[in-house]
Amino acid sequence: MGISVATDRCIGAAMCAMTAPEVFTQDEDGVGQLLPGGAEQARDPLVEEAARACPVQAITLHDE
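Now for a quick tour of the structure. Worth saying up front: this structure is predicted, and the values here are computed from it rather than measured.

### Overview of the side chain of Thr 19
Note on placement: Thr 19 falls in helix H1 (residues 15–19). Looking at Thr 19, the relative accessible area reads 18%, which means it is buried. Of note is the side chain of Thr 19, whose polar atom sits 2.7 Å from the backbone oxygen of Met 15. Residue contacts for Thr 19: discarding those within four places in its chain leaves Leu 46, Glu 49 and Ala 50.

What follows is the structure, given as structure tokens:
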């Protein structure tokens, strides 16, 4: 399973970084980013929760 972050859609709500801080962070502009190695944790329930919590659905979980 993979993770995509639509950085053009992100509004910087930080729900991803607060929900799954081992997987997501925010850049200097507040835009959500996937941390290096974060995709390896795609099956973590917190990652699924972060995707659901995103107010603009900028996080997509997909089969690789």
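Having seen the structure, we can now continue with the description.
### Let's talk about empty space enclosed by the protein
What the rule picks out here adds up to one cavity of 30 Å³ or more. Cys 10, Ala 13, Ala 14, Cys 16 and Cys 54 are, among the 16 residues lining the largest cavity, the residues nearest its centre.

### Points about the state of the cysteines
Covalent bonding between the sulfur atoms of two cysteines is what defines a disulfide. Taken as a whole and judged by the stated rule, the model has zero disulfides. Between Cys 10, a free cysteine, and Cys 16, which holds the nearest cysteine sulfur, the sulfur-to-sulfur gap is 6.2 Å. In this structure Cys 54 is a free cysteine whose sulfur lies 6.4 Å from that of Cys 10, the closest cysteine sulfur available. When its relative accessible area of 10% is taken as the criterion, Cys 54 is described as buried.

### Examining the environment of Asp 29
Along the chain, Asp 29 turns up in the loop between strand S2 (24–26) and strand S3 (32–34). Its relative accessible area of 65% is what places Asp 29 among the exposed residues. Put simply, Asp 29 and Ala 6 are 23 residues apart on the chain and 14 Å apart in space, counted from C-alpha to C-alpha.

### Quick notes on unusual backbone geometry
Within the chain, Ala 14 stands out as a residue other than glycine whose phi angle is a positive 70°. Secondary-structure assignment places Ala 14 in the loop between strand S1 (2–5) and H1. With phi around 50°, Gln 57 is a residue other than glycine that occupies positive phi space. Checked against the element boundaries, Gln 57 lands in the loop between helix H2 (45–53) and strand S4 (59–62).

Basis of the calculations
- Here the residue numbering is sequential within each chain, running from 1 through the sequence in written order.
- Side-chain atom pairs in this predicted model are given and counted only at pLDDT of 80 or more, local residue features only at pLDDT of at least 70, and totals for whole chains, interfaces and linings cover all residues.
- By convention in this description, side-chain values take in all heavy atoms of the structure and omit both hydrogens and water.
- Each helix corresponds to a stretch of at least 4 residues labelled H or I by DSSP, and each strand to a stretch of at least 2 residues labelled E; elements are numbered beginning at the N terminus.
- Only protein chains enter the accessibility calculation, which uses a 1.4 Å probe. A residue is then buried if its area is under 20% of the maximum for its type, exposed if over 50%, and partly exposed in between.
- Polar contacts, as counted here, are pairs of nitrogen or oxygen atoms within 3.5 Å of one another; within protein the pair requires one atom able to donate a hydrogen and one able to accept it, and residues that are adjacent in sequence qualify only if both atoms are side-chain atoms.
- Two residues qualify as a contact provided that any one of their heavy atoms is within 4.5 Å of a heavy atom in the partner residue.
- Here a cavity is any set of points on a 1 Å grid over the protein atoms alone where a 1.4 Å probe fits but cannot get out, and a pocket is any open set with protein on both sides within 12 Å along at least 5 of 7 lines; a residue lines the site when it has an atom within 4 Å of a point.
- Grid points are joined across faces, edges and corners, and a volume is the space filled by probe spheres set on the points.
- By convention in this document, the label disulfide applies to cysteine sulfur atom pairs within 2.5 Å.

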